[in-house]
Amino acid sequence: MEKQNFSAGLTDTDAPFNLCVRHGGMIYVSGLPPFDSEFSARLAEARRKGQPLPPFPDIPFERQVRIVMDHMKALVEDAGSNMDCLLKVVVWLKDQRQAGEFDKIYRTYFSSKDTLPARTRMQAGATPLGCGVEVDAIGYVPGYVPGYVPDQVAKK
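Residues numbered from 1 in each chain as written. Predicted model: local features only at pLDDT ≥ 70, side-chain atom pairs only at ≥ 80, totals over all residues. Heavy atoms only, no water.

Enquirer: Please clarify how the packing of aromatic side chains should be interpreted in this entry.
Expert: By convention here, two paired aromatic rings are described through the distance between centres and the angle between planes. A full pass over the atoms with the stated rule returns 5 aromatic pairs. Relative to Phe-110, the ring of Tyr-106 has its centre 5.0 Å away and its plane inclined at 55°; by these criteria the two rings are tilted. Comparing Tyr-106 with Phe-110 shows no difference in burial state: the two are buried. Sitting above the plane of the Tyr-106 ring, Arg-119 keeps its charged end 4.8 Å from the centroid. (Phe/Tyr/Trp six-rings, centres within 6.5 Å; stacked < 30°, edge-to-face > 60°. Buried < 20%, exposed > 50% of the residue type's maximum accessible area, 1.4 Å probe, protein only. Lys NZ or Arg CZ within 6 Å of the ring centre and 35° of its normal.)

Enquirer: Would you take a moment to explain the side chain of His-71 for this structure?
Expert: Relative to the helices and strands, His-71 is located in helix H2 (residues 61–78). When neighbours within four sequence positions are excluded, His-71 is seen to be in contact with Leu-10, Leu-32 and Phe-35. (Helix = DSSP H or I, 4+ residues; strand = E, 2+ residues; numbered from the N terminus. Contact = heavy atoms within 4.5 Å.)

Enquirer: Please clarify how the sheet that holds strand S4 (residues 86–93) should be interpreted in this entry.
Expert: Strand pairs in the sheet, formed through backbone hydrogen bonds, run parallel or antiparallel to each other. Overall, mixed pairing links the 6 strands, which are arranged S1-S2-S3-S6-S4-S5 in an open sheet. What marks the edges here is a single partner per strand, and that holds for strand S1 (3–6) and strand S5 (118–123). Neighbour-to-neighbour, the strand axes of this sheet turn through a mean angle of 10°, independent of strand direction. Bridge count between S4 and S5: 6 bridges; the pairing is parallel. Bridge pairing in S5 places Val-90 opposite Thr-120. Packing of helix H3 (residues 99–107) onto the sheet brings it into contact with S4, S5 and strand S6 (133–140), and relative to S5 it is tilted by some 150°. (Pairing = 2+ DSSP bridges. Axes fitted to C-alpha atoms, helices over the stretch in contact; angles between N-to-C directions.)

Everything listed here is a matter of geometry and, on its own, says nothing about what the molecule does.
This is the structure:
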């Protein structure tokens, strides 16, 4: 089995990690901060030029959560899975008082209560550039069969 990296077309920040890695039937999503494409491009440019990183923009918390969850959904789907196949999610909040607002939005990304993954949610001592939330996940690819390669089966 080979490790495969997925980006779902998200703008690269030139950080030293891959956004999503698949190995066999497992997927691993890196901690995702609420960086939209414009801010990600600014981060990448600053890193390439060795300049100070730009300050995180003042974005409403609800929008930050939607950016993170939309990016997670795109990455999981790019890797051949879906949100209901997430097994474990870790959430870091800048302010735990926003947990209810986070949960309200978070639930909408899953088809039912039964498909919610195991989860840890905590208040972070610090978040990337002071943003309000960061989320990572581990999941699986439904129907994955080790060694099954559709092209080989079609040729037989």
